[in-house]
Amino acid sequence: MKMRSLGAMLCLVALTAAAWVASRGSAARKPPTWAEVAPGVYRSPGQPAGYALVADGRALLVDAPVPPDGLKALGVKKVDAVLLTHHHRDTAAHAGRYLADKVPVRAPRASAPWLTPAGVKQYWKEALPLRTSRTAYLVFPEGLQGIDCSLAEGTTIDWQGWSLKVVETPGHSPDHVALSASKGDGPLLLFCGDALAGPGKLWSPYTTDWDHWTDAGLAPAAKSLRKLARLRPSALLPAHGAVVGRDAVAALEKTAAAVEEVAFLKSFERYTKERLKNAPKYAFLAKEQPGSNGSKPWSKLSEHLWLTGNTYVLVSKDRAALVVDPWDPHSAKQIPKLQAEDRRVGKVEVVLCSHAHFDHYDGAYLLVARDKPQVWTLDRVATPISDPFLLRAPFLDARPLPVHTRVEDGETVAWREYRLKFRFLPGQTEYTMGVETTIDGKRCFFTADNFFHHDLYSGSGGWMGLNRSGPLLYAESAQKVLDARPDWVLAEHGSAMEFNAEDFRRRVAWGKASAKAADALCISGEHRHDWNPHHVRIEPVLQKGKAGATVKGALVVDNPLGRKRKLSVMLEGRGLTGEQSWEIEVPARGSVRRAVALRLADKVLAGRHAFVLRVKEGGEGDGGDAVVAVDVP
């Protein structure tokens, strides 16, 4: 009996997969409907997909990407409950509608910070600008009143002869769960949410970036896929991608292997020591400084150069000082201390900011107020630190930092007897510069947080989509340093080190290998698209406006793919501003910028209001995380 049920189910799955593919091209001719993928199990139209167990005019839903209207055609008169696999607003888009209809909606216990009203309010308060590593993606603009965040590992739901069990599967999001389901002695089905989107593929893999520099997110994702494979399911029912009705275990294991490869490659240290082996040896310039926070005594690297933590001080022959990356709270105390200890160190004339992370420039506020130095940086770095509400990016200080001199890539600027060549050097973040100069006879390259000694912080500052960084950017920047062949690489966090050509050749190879592995995991085959939550955005991402006022900005759409895209973009006003929609055609590897305006309602309440941009291509949801917010005083 069990084999007969499995055979019937596999036939249905095959038919449904074919129908799903066909429906993508025929949606305009015939309204899509729920499709049966196994006896008594239906899949909602479009992507992401939800699922319904149907029996005796009742339904139990897994995820809520569509409203309940289409269920009537299945004979459903009552929805008993909705079970959410995670908090992302695409898969849970209509959870609020079900709650309004008095249908219980249950979510994972770990989803509370991103679904409950208090949790969501706190999230948006902290997220723009984001100063911490508390990353989250695709969060609702408002919390869901009445949501029940109680699903946990082993929770069992018995319904109409079905037995569903919650399996915690963090990775795609920290709160992600899957639901195993079986009826009697029938086959085991696995509602796997976004744990995978097909064999070897992840949907919007940037959501695995739980922090900005490690494999946090990717490593749990791989473990979760291995965990699901051990359940030996007969079929996988994902939110994105077709139902996998054959070789389900193999699909999980293939995806786990692909995720493990990218996770491994998040670490340059692992790549150079474990994969390439015989890693080259090169020395720290100040062995007491690696990993320090700027509180240690100054290390003198040469006659005119000092280091503590992130901060370098360069002194001219006539005692003027240039400070690279002052970091509070230590820089304010350490620089006067150095001036007192060494009479050759005089007044601070210039502050350089290497990249747009607050721990590399927030000491500048006090220095500028006290010593009146000028702030110099690359034009691209100046953008987020002088206007922290323009872009959605992590580790920004909310206080705009005035930049006196914005230097272009490749431009050389004189300061005293030094010649400083500014270089666009993206890696850990797109908003990073390098500076080449000669100090006391040594050819030096300041490289920010891109390249650490391979014994420190896994050898790099990491890459993540939220930071607009990526492995190919690392490869390009490593090649710039390799071509320059400096004597010293003046990296941050105490990682001043000798330059080693073989080390940087390996860094170039690491970036390319990481990009290839990341591409393989992406639906589009292009990590510069799938690993980027910002390819559709509004700038500024945060503005201020009174009730009844109009705020203006720009809708920006980037397309790194090798084909043109036709997108439908809709801003959800939620009664606080008018609904708006745009049809955007973006050329291959091009960008489009369009002026937009939001008029706030006359009676909008004070507070921060987030608005979601829903983006579709060919009727299917886009994987980005597009939002804009307005603070109403």
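Just so we're clear, the structure is a prediction, and the values are computed from it rather than from any experiment.

### Points about the sheet that holds strand β18 (residues 374–378)
Sheet strands line up and pair through hydrogen bonds in the backbone, either parallel or antiparallel.
Move 1: On the basis of which strands lie adjacent, the open sheet formed by seven strands has the order β13-β14-β15-β16-β17-β18-β19 and mixed pairing. Single-partner strands in this sheet number two, and they are β13 (299–302) and β19 (405–407). Taking the axes of each pair of neighbouring strands and ignoring which way they run, one obtains an average angle of 25 degrees across the sheet.
Move 2: Summarising the sheet, β18 and β19 pair through three bridges and their orientation is parallel. In the sheet register, L378 faces β19, and the bridge partner there is V407.
Move 3: Sitting on the sheet, helix α10 (residues 379–386) is in contact with β18 and β19, with an inclination near 120 degrees to β18.

### Thoughts on the pattern of salt bridges
If charged atoms from side chains of opposite charge come close, those side chains can pair.
Move 1: Taken as a whole and judged by the stated rule, the model has 40 salt bridges.
Move 2: We note a salt bridge from R423 to E436, for which the minimum N-O separation is 2.8 Å. Of this pair, R423 sits in strand β21 (residues 418–424) while E436 is found in strand β22 (residues 433–439), placing the two residues 13 residues apart along the sequence.
Move 3: What makes R423 buried here is its relative accessible area of 17%.
Move 4: In this structure, the salt-bridge partner of R537 is D558, at a minimum N-O distance of 2.7 Å. Linking R537 in strand β26 (residues 536–539) with D558 in strand β28 (residues 550–559), this pair joins segments that are 21 residues apart in sequence.
Move 5: Judged by relative accessible area, which is 16%, R537 ranks as buried.
Move 6: Through salt bridges with shared partners, a single network forms among R131, D362, D397 and R399.

### Things to note about the packing of aromatic side chains
Move 1: In the structure shown here, the tally under the stated rule is 14 aromatic pairs.
Move 2: Judged by centre distance (6.0 Å) and plane angle (65 degrees), the ring pair of F451 and Y474 falls under edge-to-face. Remark: Y474 occurs in helix α11 (residues 471–484) and F451 occurs in the loop between β23 (442–448) and α11; sequence separation between them is 23 residues. The burial state of F451 is the same as that of Y474; both residues are buried.
Move 3: With a centroid separation of 5.2 Å and an interplanar angle of 65 degrees, the aromatic rings of W463 and W531 are classed as edge-to-face. Taken together, the positions of W463 in the loop between β23 and α11 and W531 in the loop between α13 (527–530) and β26 put the pair 68 residues apart, joining distant regions of the chain.
Move 4: On the accessibility criterion, W531 (3% relative accessible area) is buried.
Move 5: By way of ring pairs, the aromatic residues F268, F451, Y474, F499, F504 and W510 are connected into one cluster.
Move 6: Directly above the ring of F358 sits R131, whose terminal nitrogen or CZ lies 3.7 Å from the centroid.
Move 7: One cation-aromatic arrangement involves R380 over F424; the distance from NZ or CZ to the ring centre is 3.8 Å.

### Some remarks on the nonpolar core
Move 1: Formed by 59 residues in total, the largest nonpolar core has its most connected members in L301, Y312, L352, W415, L420, F422 and L490.
Move 2: Y137, V167, L218 and F499 belong to the second-largest nonpolar core, a separate cluster that totals 54 residues.

### Observations concerning the confidence of the model for the protein chain
Move 1: Averaged over all residues, the pLDDT of the protein chain equals 95, while 95% of them reach at least 70.
Move 2: Taken as a whole, residues 1–6 scores under 50 in pLDDT and shows six contacts with residues more than four places along the chain or in a different chain.
Move 3: Ignoring residues within four places in sequence, the model shows residues 14–29, a span with pLDDT below 50, making nine contacts including any to other chains.

### A closer look at the packing of helix α7 (residues 268–275) against helix α12 (residues 501–521)
Move 1: It is at 10 Å that the axes of α7 and α12 come closest, and there the two elements cross at 110 degrees. In terms of their interaxial angle, α7 and α12 are classed as roughly perpendicular. From α7, F268, Y271 and T272 reach across to α12, where they touch D503, R506, R507, A509, W510 and A513.
Move 2: Taken together, the residues of the contact of α7 with α12 sort by class into five nonpolar, one polar and three charged.

### Focus: the environment of L542
Move 1: Examined against the element boundaries, L542 turns out to sit in strand β27 (residues 542–544).
Move 2: Between the C-alpha atom of L542 and that of L391, which follows or precedes it by 151 residues, the distance is 8.2 Å.
Move 3: Residues in contact with L542, not counting those within four places in the same chain, are L128, F389, R608, A629, V630 and D631.

### Regarding the pairing of strand β12 (residues 235–238)
Move 1: Residues of β12 alternate between two faces, with A235 and L237 on one and L236 and P238 on the opposite face, all of them buried.
Move 2: When strand β11 (residues 189–193) meets β12, the two strands line up parallel, connected through four bridges. Within β12, the position partnered with G193 by the bridge is P238.
Move 3: Considered for its hand, the β-α-β crossover made up of β11, helix α5 (residues 218–229) and β12 is right-handed.

### Points about helix α8 (residues 331–341)
Move 1: Three or more residues of α8 are buried, namely S331, A332, Q334, I335 and L338.
Move 2: Contacts from the buried residues of α8 go to β14 (305–308), β15 (311–315), β16 (321–324), β17 (348–352) and α9 (364–371).

### Description of the sheet that holds strand β4 (residues 58–62)
Move 1: The strand order across the open sheet built from seven strands is β1-β2-β3-β4-β5-β6-β7, with neighbouring strands paired in mixed fashion. Each end of this open sheet is capped by a strand with a single partner; those strands are β1 (35–38) and β7 (148–151). Averaged over all pairs of adjacent strands, the angle between their axes in this sheet comes to 30 degrees, without regard to strand direction.
Move 2: Pairing of β1 with strand β2 (residues 41–43), which is carried by three bridges, proceeds in the antiparallel orientation. The partner of A38 across the bridge, within β2, is V41.

### Comments concerning the side chain of H527
Move 1: Its place among the elements puts H527 in helix α13.
Move 2: Once you skip the residues sitting within four places of it in the chain, H527 turns out to touch P471, L472, A515, A518, D519, C522 and N532.

Calculation rules
Residues numbered from 1 in each chain as written. Predicted model: local features only at pLDDT ≥ 70, side-chain atom pairs only at ≥ 80, totals over all residues. Heavy atoms only, no water. Pairing = 2+ DSSP bridges. Helix = DSSP H or I, 4+ residues; strand = E, 2+ residues; numbered from the N terminus. Axes fitted to C-alpha atoms, helices over the stretch in contact; angles between N-to-C directions. Contact = heavy atoms within 4.5 Å. Salt bridge = Lys/Arg side-chain N within 4 Å of Asp/Glu carboxyl O. Buried < 20%, exposed > 50% of the residue type's maximum accessible area, 1.4 Å probe, protein only. Phe/Tyr/Trp six-rings, centres within 6.5 Å; stacked < 30°, edge-to-face > 60°. Lys NZ or Arg CZ within 6 Å of the ring centre and 35° of its normal. Core = buried A, V, L, I, M, F, W, Y, C linked by side-chain atoms within 4.5 Å. pLDDT = per-residue confidence, 0-100. Parallel < 35°, antiparallel > 145°, perpendicular 65-115°, else oblique. Nonpolar A, V, L, I, M, F, W, Y, C, P; charged D, E, K, R; others polar. Right-handed = clockwise from strand over helix to strand, strands pointing away.

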